[in-house]
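# Remarks on the overall topology
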Amino acid sequence: METMKRVGIALSIIIFVLVLLLSSTAAQGGKIRGRRRLPCKQMVFYFHDILYNGKNAKNATSAIVGAPAWGNRTAMAGQSNFGDLIIFDDPITMDNNLHSTPVGRAQGFYFYDRKDVYTAWMGFSFVFNSTQHKGSINFAGANPVLNKTRDISVIGGTGDFFMARGLATLMTDAFEDDVYFRLRTHVKLYECW
Amino acid sequence: METMKRVGIALSIIIFVLVLLLSSTAAQGGKIRGRRRLPCKQMVFYFHDILYNGKNAKNATSAIVGAPAWGNRTAMAGQSNFGDLIIFDDPITMDNNLHSTPVGRAQGFYFYDRKDVYTAWMGFSFVFNSTQHKGSINFAGANPVLNKTRDISVIGGTGDFFMARGLATLMTDAFEDDVYFRLRTHVKLYECW
Amino acid sequence: METMKRVGIALSIIIFVLVLLLSSTAAQGGKIRGRRRLPCKQMVFYFHDILYNGKNAKNATSAIVGAPAWGNRTAMAGQSNFGDLIIFDDPITMDNNLHSTPVGRAQGFYFYDRKDVYTAWMGFSFVFNSTQHKGSINFAGANPVLNKTRDISVIGGTGDFFMARGLATLMTDAFEDDVYFRLRTHVKLYECW
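Here the structure is a predicted model, which means the values were calculated and not measured. (Residues numbered from 1 in each chain as written. Chains lettered and ligands numbered in written order. Predicted model: local features only at pLDDT ≥ 70, side-chain atom pairs only at ≥ 80, totals over all residues. Heavy atoms only, no water.)

Turning our attention to the overall build of chain A. When you go through chain A residue by residue, the secondary structure sums to 1 helix and 9 strands. When the helices and strands of chain A are read in sequence order from the N terminus, they spell out α-β-β-β-β-β-β-β-β-β. A burial count over chain A gives 58% of its 193 residues as buried. In chain A, 46% of the contacts between residues at least 6 apart in sequence involve partners at least 24 apart. As presented, chain A carries roughly 8000 Å² of accessible surface, and 55% of it is formed by carbon and sulfur atoms. (Helix = DSSP H or I, 4+ residues; strand = E, 2+ residues; numbered from the N terminus. Buried < 20%, exposed > 50% of the residue type's maximum accessible area, 1.4 Å probe, protein only. Contact = heavy atoms within 4.5 Å. Areas by Shrake-Rupley, 256 points an atom, 1.4 Å probe, with all protein chains shown as cover.)

What follows is the structure in structure tokens.
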């Protein structure tokens, strides 16, 4: 009888655990992953943008390619740069030194989209092809550049970053006139395959 | 013996449930989530776009910044606006009244990409910073504007909408010449963290 | 006593399996899906881009709508086309014949973003409305066009491709001057709903 009781207790525990498991599985229809907000991968990079201003063709890594009716393509348009669209191919470094050996390229576009305050929207990729990282991470989202930090979405990845999702916390690490800025990019992936 | 039988039945049930669970887990390699298509979060917003036409600088919330060779930046290009690229910062309201207090900003770009029919492609964010919502929702996809409703993808989110995925059903709620339109946006998230 | 032993063994097995299940569930907080990298859906399409060059208005499916200060909108800008922004509405075919019946439209934009090497960045959708496929697949990412193959992200989908995620392997299948190219697109979805 003693054994019977033990078997009973064991069964009860098993059934309890099963119910827990089942309910968590069922919940996945609505809220797919409840879970701890811990990144499965984190990295910090800097990228450096030197905007073409008509005189710096040799060093420039980006250029204005679209502007509003009142703007041109060698200077920002005024009104918080509203309507300026920039394409870039910026070096990525591990530290905040423009002259460090690049570990990849940040390639994409951004545009300023507000008249009364500096704020941008970006779509770009980090492209890596080194012994350390191969593949790309794709980003998109609003970048309210005057906020100390702001988050944009990691919307996908390839190679080492196959199917990645997460976000990146951007911080303006340096800003010189309208020509140079450096963004600290803290990449946090929450889906790693 | 009676007890033995009951233990046997209980075990059978447990094993059956385990097999079910295991098979559903195994299936996740191919089809990750089979599941009911029920949103874990739904919201309806309106956003209002007033396009700059050379005369309405004060009220305009968007501007043409790219156009084809035959176009300009104060009027649509003809041929279903093919090639016109617009950047916007539009107020978001809870109802369809342009003058309601905005609850956020819709910021991004759209362009018309077909010569024989009005159809657009959009990349934008809803940016919230109120007591109700803090954070952003990022969207991308085709917007065939003449369809009564059309879906675009929610590709990510930050803040309250951390890691969101889903879609948004767009409906043109009003359209006046080439200057004003209002989009009803039914956001449906299917991945909520 | 024999029966007791058998119950004991059965319980041990069950507990072992439960522990396995639990640990796999627990692991989902960090690495959400460990899993085999097998697509749940695969498709191959071709799309055809004919760029407007000032003379081919009738056949052109795309047009330059943004260019750097030194460029124009009827010819590539030089320096690996850096800064040229193109909007397109290209026919999608099942084989590599431009004149095959289109099964959908590839609609979006690309721009060249590097001065010393041809490389592009793209955001676009495959839009289907046939008996075979209804809905859209949304793509974004870097496209280093000189690589034999390169991957971009599938960032979402609608209709038949509701909530899709995955990647697409691009291959330049034909290229004629700056006017025509054909991209073989191998779509591989790893998240199917």
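With the rule as written, the count across this model stands at 75 aromatic pairs over all chains. Judged by centre distance (6.3 Å) and plane angle (40°), the rings of B:Phe109 and B:Trp121 are tilted. With B:Phe109 in strand E4 (residues 104-112) and B:Trp121 in strand E5 (residues 120-129), the pair connects residues that are 12 residues apart, well separated along the chain. Relative to C:Phe128, the ring of C:Phe45 lies with its centre 5.1 Å away and its plane at 40°, an arrangement referred to as tilted. With C:Phe45 in strand E1 (residues 41-50) and C:Phe128 in strand E5 (residues 120-129), this pair connects stretches of sequence that are 83 residues apart. In this structure, C:Phe45 and C:Phe128 share a single accessibility class: buried. One aromatic cluster in this structure is built from A:Phe45, A:Phe47, A:Phe88, A:Tyr110, A:Tyr112, A:Phe124, A:Phe126, A:Phe128, A:Phe139, A:Phe161 and A:Phe181. Above the ring of A:Phe82, the side-chain terminus of A:Lys115 is found at 6.0 Å from the ring centroid. (Phe/Tyr/Trp six-rings, centres within 6.5 Å; stacked < 30°, edge-to-face > 60°. Lys NZ or Arg CZ within 6 Å of the ring centre and 35° of its normal.)

Turning our attention to unusual backbone geometry. Notably, A:Met163 is not glycine yet its phi reads approximately 65°, a positive angle. Here A:Met163 shows up in the loop between strand E7 (150-159) and strand E8 (165-176). Taking the relative accessible area as the measure of exposure, A:Met163 reaches 1% and is therefore buried. Phi is positive for C:Asp177, which is not a glycine, with a value near 50°. Along the polypeptide, C:Asp177 turns up in the loop between strand E8 (165-176) and strand E9 (180-191).

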